[in-house]
Amino acid sequence: MLSWLSECLWADWIWFPGGFGWADLKDSKDVVLPQARDLWAFIPMALCFLVIRPIFERWVAIPLASLLGVTDKRRVYPLPNSTLEAFFCNISKHPTQTSLEKLSKQTDCSVRQVQRWFRQRRNQDRPSKIKKFQEASWRFTFYFVAFFAGLATLIDKPWFYDMKRMWDNFPKMPVLQCQYWYYMTELGFYVSLLVSVASDVKRKDFKEQIVHHVATIVLIGFSWLVNYIRGGTLIMLVHDAADYLMESAKMFNYAGWKRTCNCIFTVFAVVFIITRLIIFPFCIIHATLVYPLSLYKPFFGFYFFNGLLLVLLTLHIFWAVLIVRMVIKFLPGNDIVEDERSDKEETESEDEDVCGERNGTVKNGHVLNGHSHTLNNNRSKTD
């Protein structure tokens with residue numbers, strides 16, 4: 001039964017145009033072709049990235065952050081309160097007005113004090129600026145090296161200038177050693193990103209990022225299996241072209257280098273739009289979706305491959321909207337670029353009383369930072 005299912009799943013007519021099949025991808029004495037077993041290299045590659053990353057962040061990113069002047073704002077942590085903590089962890093981090101009033105009665109705090117406790121508690125869980133800088137510098141380093149390594153790999157290839165030539169002699173196109181390492185490195189990196197996504201800074205486009213990583217991993221693996229490698233290398237290069245610019249802009253943003261950040265982000269926006277919304281759909285997707293129809297009849301693998309490309313294009317359009325919104329925000333006032341995907345820290349005035357304080361004493365916990373806080377009735381009306 002399993003053998004029959006395997007034969008049906010990997011039938012030649014599903015993954016190749018008529019007249020071609022898996023037999024065409026067998027190595028010969030003169031030609032090295034991609035093999036399914038080659039993909040197992042992504043496991044040690046991903047493990048290497050997972051091991052190198054914390055070392056890089058500790059010994060490279062943190063000293064670089066210090067050199068650029070990246071500092072974290074001092075946070076005021078909420079006083080321990082078991083009732084509010086239980087509600088925060090088990091019910092909601094953003095209580096409704098009705099819930100605030102109930103919690104106020106249960107804890108003998110004012111509604112304003114409960115609101116402030118939840119603000120401080122949410123801020124406690126938000127990643128620090130140093131952590132964001134570490135992640136940005138790690139991604140910047142990889143994307144920067146990957147882009148220029150990929151460019152060196154493709155600069156002398158004829159399909160780099162005429163993308164229709166990616167189909168020359170398909171599927172019996174030999175795999176070069178530089179293409180192999182380019183593929184395995186990119187595949188290993190995206191697998192490592194997917195593994196570490198739980199501990200990384202979660203942004204508003206978290207779900208879109210998951211979809212992007214999964215689609216990219218499947219796309220890289222599938223294109224290797226059926227020898228769409230020429231198209232795959234072009235796709236990876238186009239994506240890396242803008243990513244390192246975005247990460248560098250974020251690094252300078254965290255450092256407070258306003259003008260540098262704005263300049264880099266402007267360049268990033270231009271490169272992103274050119275590569276992701278012009279070159280990617282009108283050159284690459286045209287060469288994989290439209291041009292092949294003049295050579296072969298459509299088949300499932302054709303639709304599957306281009307379907308993944310359209311998923312990426314949809315994500316590009318989504319992110320392009322965010323990028324344009326960010327550009328519109330910072331250009332008129334020349335302000336620092338704020339990442340639309342980031343969960344911004346909530347601010348509050350320092351002179352407000354905190355939950356549990358009554359006449360200089362603290363309820364359900366110890367005093368904050370070793371000091372008691374007295375009530376101050378002159379609260380800001382805007383809080």
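What counts, and where the lines are drawn
Residues numbered from 1 in each chain as written. Predicted model: local features only at pLDDT ≥ 70, side-chain atom pairs only at ≥ 80, totals over all residues. Heavy atoms only, no water. Axes fitted to C-alpha atoms, helices over the stretch in contact; angles between N-to-C directions. Helix = DSSP H or I, 4+ residues; strand = E, 2+ residues; numbered from the N terminus. Parallel < 35°, antiparallel > 145°, perpendicular 65-115°, else oblique. Left-handed = near helix turned anticlockwise from the far one by under 90°. Contact = heavy atoms within 4.5 Å. Nonpolar A, V, L, I, M, F, W, Y, C, P; charged D, E, K, R; others polar. Patch = residues over 30% accessible without salt bridge, like charges linked within 9 Å, V, L, I, M, F, W, Y side chains within 5 Å. Areas by Shrake-Rupley, 256 points an atom, 1.4 Å probe, with all protein chains shown as cover. Salt bridge = Lys/Arg side-chain N within 4 Å of Asp/Glu carboxyl O. Core = buried A, V, L, I, M, F, W, Y, C linked by side-chain atoms within 4.5 Å. Buried < 20%, exposed > 50% of the residue type's maximum accessible area, 1.4 Å probe, protein only. Phe/Tyr/Trp six-rings, centres within 6.5 Å; stacked < 30°, edge-to-face > 60°. Lys NZ or Arg CZ within 6 Å of the ring centre and 35° of its normal. Polar contact = N/O pair within 3.5 Å; in protein donor to acceptor, adjacent residues only side chain to side chain. 1 Å grid on protein atoms, 1.4 Å probe; cavity = no way out; pocket = protein on both sides within 12 Å on 5 of 7 lines; lining within 4 Å. Points joined across faces, edges and corners; volume = space filled by probe spheres on them. pLDDT = per-residue confidence, 0-100.

Caption draft 1: Region of interest: the packing of helix H9 (residues 177-196) against helix H11 (residues 229-255). Contact geometry of H9 with H11 gives a least axis separation of 11 Å together with a crossing angle of 55°. Taken together, the axes of H9 and H11 are oblique relative to one another. Where H9 crosses over H11, the handedness of that crossing is left-handed. The residues of H11 that touch H9, namely those facing Gln 179, Tyr 182, Tyr 183, Glu 186 and Tyr 190, are Ile 229, Gly 232, Thr 233, Met 236, Leu 237, Asp 240 and Asp 243. Of the residues assigned to the contact of H9 with H11, the class counts are six nonpolar, three polar and three charged.

Caption draft 2: A nonpolar patch on the surface, seen in detail. Nonpolar side chains collect at one region of the surface, where Val 270, Ile 273, Ile 274, Ile 278, Phe 282, Val 324 and Ile 328 lie side by side and expose about 630 Å² of accessible area between them. Among the secondary structure elements, those contributing two or more residues to the nonpolar patch are helix H12 (258-290) and helix H13 (300-333). In terms of residue count, H12 provides more of the nonpolar patch than any other element does, five residues in total. Relative to the elements of secondary structure, Ile 328 occurs in helix H13.

Caption draft 3: Quick peek at the nonpolar core. In this structure, Tyr 228, Phe 265, Phe 268 and Phe 280 are the most contacted members of the largest nonpolar core, which totals 88 residues. For this core, the elements supplying multiple residues, two or more each, are helix H2 (12-15), helix H3 (42-68), helix H7 (129-154), H9, helix H10 (206-225), H11, H12 and H13. The biggest single contributor to this core is H11, with 16 residues. Of all hydrophobic cores here, the second largest spans nine residues; its members include Phe 87, Cys 109, Val 114 and Trp 117.

Caption draft 4: Summary view of the packing of H7 against H9. As a packed pair, H7 and H9 sit with axes 10 Å apart at the nearest point and diverge in direction by 160°. Taken together, the axis directions place H7 and H9 in an arrangement best described as roughly antiparallel. Between H7 and H9 lies a crossing whose hand is left-handed. On H9, the residues touching Trp 138, Arg 139, Phe 142, Tyr 143, Ala 146, Gly 150 and Thr 153 of H7 are Cys 178, Gln 179, Tyr 182, Thr 185, Glu 186, Phe 189, Tyr 190 and Leu 193. The residue inventory of the contact of H7 with H9, partitioned by class, reads nine nonpolar, four polar and two charged.

Caption draft 5: Quick peek at the packing of aromatic side chains. If you walk through the whole model with that rule in mind, you get 47 aromatic pairs. Aromatic pair Trp 138 and Phe 189: ring centres 6.4 Å apart, planes at 40°, arrangement tilted. Residue Trp 138 is found in helix H7, and its partner Phe 189 is found in helix H9; the two are separated by 51 residues along the sequence. Relative accessible area serves as the criterion here: at 6%, Trp 138 is assigned to the buried category. With relative accessibility at 0%, the residue Phe 189 sits in the buried group. Taking the ring centre of Trp 59 as reference, the NZ or CZ of Arg 58 above it sits at 4.6 Å.

Caption draft 6: Examining the side chain of Gln 179 more closely. Position of Gln 179 relative to the elements: it lies in helix H9. In this structure the side chain of Gln 179 is engaged in a polar contact, spanning 3.0 Å, whose partner is the backbone nitrogen of Leu 176. Not counting the four nearest positions on each side in its chain, Gln 179 is found in contact with Thr 153, Trp 159, Pro 174 and Ile 229.

Caption draft 7: Inspection of the environment of Val 31 at higher detail. Turning to its location among the elements, Val 31 is positioned in the loop between H2 and H3. Residues Val 31 and Met 173, 142 residues apart in the sequence, show an inter-C-alpha distance of 8.2 Å.

Caption draft 8: Region of the structure containing empty space enclosed by the protein. One pass over the structure, following the stated rule, counts five cavities of 30 Å³ or more. The computed volume of the second largest cavity comes to approximately 110 Å³. Around the second largest cavity, the lining is made up of 14 residues, and of these Thr 216, Leu 219, Ile 220, Ile 235 and Met 236 lie nearest the centre. Of all the secondary structure elements, the ones that give two or more residues to the lining of the second largest cavity are H9, H10 and H11. Residue classes in the lining of the second largest cavity are distributed as seven nonpolar, five polar and two charged.

Caption draft 9: Local environment of the confidence of the model for the protein. Averaged over every residue, the pLDDT of the protein is 84; the share at 70 or more is 85%. This stretch, residues 348-354, has a pLDDT under 50; its non-local contacts, to residues over four places away or in other chains, come to 22 contacts.

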